[in-house]
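# Per-entry structural report
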Amino acid sequence: MNLKDLTKRPSSLAFRVTVFVGITIFLCLTLISLMVKQSIAQHFAEQDADELNEVFLAVKRKLNQAYTQGTSPSSILFQAVSGHHGVYYLVKNEANEIVFTSDSVDLEKYPGVAYEIEHITPSTLSLFFDGENMLRATEVIVPIQAAQSHKHYQIIVASNMKFHMNYMEEFEKTLWGIIVLSGIITILVARFAVYRGHSPLRRLSRKIGSITADKLDIRLDPTDVPVELANLVESFNAMIERLESGFERLSHFSADIAHELRTPITNLTTQTQVILNQPRSTNDYSEILYSNLEEYERMSKMVSDMLLLAQTEHGLVKPKAEVIDCHKEIGKLIEYFELLAEEKHIYIQLLGDNGEIMCDKSMFRQALCNLLSNAIRYAPDYAEVTVAIQMVHKEAQISISNPGPKIPETQLLRLFDRFYRADPSRNRDGQGAGLGLTIARSVLEVNRGRIRVESSEQKTTFTAILPLSR
Ligand SMILES: Nc1ncnc2c1ncn2[C@@H]1O[C@H](COP(=O)(O)OP(=O)(O)O)[C@@H](O)[C@H]1O
Ligand SMILES: [Mg+2]
């Protein structure tokens, strides 16, 4: 495998699934943690608002108390709040003078707007950094109902966010820990699942690996694999089936050839041995040579027929798309066979429609010659052979019938097999090798045609069907 192959190869399935699952789980967990953080922050804001509200009300109460009692607010404000930690407040009077401020934070710098409200809510709070602490604070303008005058005070309340921020920091660390850990676990589980999920594939591949040329009958069970693989298994089975039948045909083919050639070669050998046994006259020699010549010719015809068959069956010959005038072409063929027919006093008649078909001319002749010569050969003497042309649904049906005994149904289907002869005893008298019909069917099929045979008590009819040219 070179580098180019490696770059072209699609990335591994395990890798794809892992990346996909990894990204998804990361996004989901991040989203969930964002939502959780948001809701915790919201909760803290509400908690702070409640606490600051309490402080604010306490301060306000003390201010009112100071006024009703006529004491100075600064003296009692420092004890306004108890039981609250990390909460600070600053009170300014109308003249913007500071009446009271908690130590440890610098609330003077608070830049926020002042609200005139009764209650502190989360929306009135804003964040504020006093240089040392992060605070959540708000400023409220408070009118004080004193006996003689109406006065305004500004109260700034603030709570330290240190505790909450620490908590959030810890929480965030834990969250990231959970995200990374669950991400790793998910990825590992996904990888394992993919590995396990591929085990039927590995099993298939082992089984396929065990198939050899002599074990082509192995089929995979589509119910034995997950549904996703059932199609693959079925296509594979179909492929093996085609291979098997191809293989079978091939081995039958060579066995048939060997078988068909053995008889004439044995005959030739025996005849030659007999003639060589003792001196013969020139006449005897020439007679035996003539007889041998006939055998040679038969063998040569058979070999060329086999070749033609091999070529058409394997798509090695491309048929020419030629337009053929059916009536005229068949007329010529009948003329050509007339001499042969006369020997048996057979009359050939041509009936039916005329039409133009689409077919390779020499293949058409080959197919019809085979059918016509069969009809003449297998018809009794003084019989009548009929060639009838019919146009049906954009097709021409050319039927060649001859009288003769009925061919049994079981034999009809086998007539088109290679080397098949219905009557083996006639094997050697006619010169047919049993290839004529096989060739006829094969050449018709490469021309998008087909062949059919019917046989009744009176006659046998072969019908060649070919597409019309228009
Ligand atoms: N017109 C026909 N009438 C009766 N039998 C036929 C006819 N054509 C073919 N057959 C039968 O089909 C067999 C196969 O025909 P074919 O392939 O042409 O081989 P061949 O003519 O060399 O024997 C023949 O042996 C014969 O038994
Ligand atoms: Mg024949």
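To be clear, the structure that these remarks concern was listed above.
Below is a short write-up of the structure. (Residues numbered from 1 in each chain as written. Chains lettered and ligands numbered in written order. Predicted model: local features only at pLDDT ≥ 70, side-chain atom pairs only at ≥ 80, totals over all residues. Heavy atoms only, no water.)

This part is about the site of ligand 1. The local shell around ligand 1 holds 17 residues, among which Asn374, Asn402, Gly432, Gly434 and Leu437 are the closest. At a separation of 2.9 Å, an oxygen atom of ligand 1 approaches a polar side-chain atom of Tyr378. Out of a free accessible area of 530 Å², ligand 1 has 93% covered by protein chains. Secondary-structure elements contributing two or more residues to the shell around ligand 1 are α9 (361–378) and α11 (436–446). For the shell around ligand 1, the leading source of residues is α9, giving four residues. Looking at side-chain class alone, the shell around ligand 1 contains ten nonpolar, five polar and two charged residues. (Near = heavy atom within 4 Å. Polar contact = N/O pair within 3.5 Å; in protein donor to acceptor, adjacent residues only side chain to side chain. Areas by Shrake-Rupley, 256 points an atom, 1.4 Å probe, with all protein chains shown as cover. Helix = DSSP H or I, 4+ residues; strand = E, 2+ residues; numbered from the N terminus. Nonpolar A, V, L, I, M, F, W, Y, C, P; charged D, E, K, R; others polar.)

This next bit is on a nonpolar patch on the surface. On the surface, Phe15, Val19, Ile23, Phe26, Leu27, Trp176, Val180, Ile184 and Leu188 cluster together to form a nonpolar patch covering roughly 880 Å² of accessible area. Looking at the nonpolar patch, the elements that each hand over two or more residues are α2 (13–69) and α4 (162–197). For the nonpolar patch, the element with the highest residue contribution is α2, accounting for five residues. Turning to its location among the elements, Val19 is positioned in helix α2. (Patch = residues over 30% accessible without salt bridge, like charges linked within 9 Å, V, L, I, M, F, W, Y side chains within 5 Å. Salt bridge = Lys/Arg side-chain N within 4 Å of Asp/Glu carboxyl O.)

Time to look at the packing of α4 against helix α5 (residues 199–209). Direction vectors running N to C along α4 and α5 enclose 30°, while the axes themselves pass 4 Å from each other. Classified by the angle their axes make, α4 and α5 are roughly parallel. Two secondary-structure elements touch here, α4 through Tyr195, Arg196 and Gly197 and α5 through Ser199, Pro200 and Arg202. Residue classes in the contact of α4 with α5 are distributed as two nonpolar, two polar and two charged. (Axes fitted to C-alpha atoms, helices over the stretch in contact; angles between N-to-C directions. Parallel < 35°, antiparallel > 145°, perpendicular 65-115°, else oblique. Contact = heavy atoms within 4.5 Å.)

For the rest of this paragraph, the subject is the pairing of strand β11 (residues 395–403). The element β11 is largely enclosed, with a buried count of seven among its nine residues. Judged from the seven bridges that link them, strand β10 (residues 384–392) and β11 form a sheet pairing that is antiparallel. Bridge assignment links Gln390 to a residue of β11, and that residue is Gln397. In sequence, β10 turns back onto β11 through a hairpin of two residues, with His393 there showing a positive phi of about 45°. As paired strands, β11 and strand β13 (residues 459–467) are joined by nine bridges and run antiparallel to one another. The partner of Ile398 across the bridge, within β13, is Ala464. (Buried < 20%, exposed > 50% of the residue type's maximum accessible area, 1.4 Å probe, protein only. Pairing = 2+ DSSP bridges.)

What follows deals with the packing of aromatic side chains. Counting across every chain of the model gives eight aromatic pairs. Seen in terms of ring centroids, Tyr89 and Phe100 are 5.1 Å apart; in terms of plane orientation they differ by 25°. Their pairing is stacked. Highlighted residues: Tyr89 in strand β1 (residues 87–92) and Phe100 in strand β2 (residues 98–101), separated in sequence by eleven residues. The burial state of Tyr89 is the same as that of Phe100; both residues are buried. Each ring, one from Tyr110 and one from Phe128, has its centre 5.4 Å from the other, and the planes form 80°; the classification is edge-to-face. Residue Tyr110 is found in the loop between β2 and β3 (114–115), and its partner Phe128 is found in strand β4 (residues 126–129); the two are separated by 18 residues along the sequence. A residue is classified by how much of its surface remains accessible, and Tyr110, at 7% relative accessible area, is buried. Through successive ring pairs, a cluster of aromatic residues spans Phe44, Tyr167 and Phe171. (Phe/Tyr/Trp six-rings, centres within 6.5 Å; stacked < 30°, edge-to-face > 60°.)

Looking at where Asn160 falls in the secondary structure, it is placed in strand β6 (residues 150–160). Among the polar contacts listed, one links the side chain of Asn160 to the side chain of Tyr88, at a separation of 3.4 Å. Once residues lying within four places of it in the same chain are set aside, the contact partners of Asn160 are Gly86, Tyr88, Asn133, Met134 and Leu135.

In this structure, Ile330, Phe364, Leu368 and Leu371 are the most contacted members of the largest nonpolar core, which totals 50 residues. At the level of secondary structure, the elements contributing two or more residues to this core comprise α7 (282–313), α8 (326–343), α9, β10, β11, α11, β12 (450–455) and β13. With nine residues, α9 is the single largest residue contributor to this core. Domain assignment of the residues forming this core places at least three in each of domain 2 (224–312) and domain 3 (318–467). Setting aside chain neighbours within four positions, we find Leu368 in contact with Ile330, Leu333, Ile398, Ile400 and Ala464. If you look at the next biggest cluster of nonpolar residues, it comprises 21 residues, including Val55, Phe56, Val59 and Val91. (Core = buried A, V, L, I, M, F, W, Y, C linked by side-chain atoms within 4.5 Å. Domains from an automatic or database assignment.)

With that settled, consider the sheet that holds strand β8 (residues 347–352). The strand order β8-β10-β11-β13-β12 describes an open sheet built from five strands, whose pairing is mixed. For this open sheet the edge positions go to β8 and β12, each flanked by a neighbour on one side alone. Neighbour to neighbour, the strand axes of the sheet diverge by 15° on average, direction disregarded. Packing against the sheet, α8 makes contact with β8, β10 and β11, and its axis sits at approximately 170° to β8. Where α9 meets the sheet, it contacts β8, β10, β11, β12 and β13, and its direction lies at approximately 20° from that of β11.

Coordinates in, geometry out; function isn't part of it.
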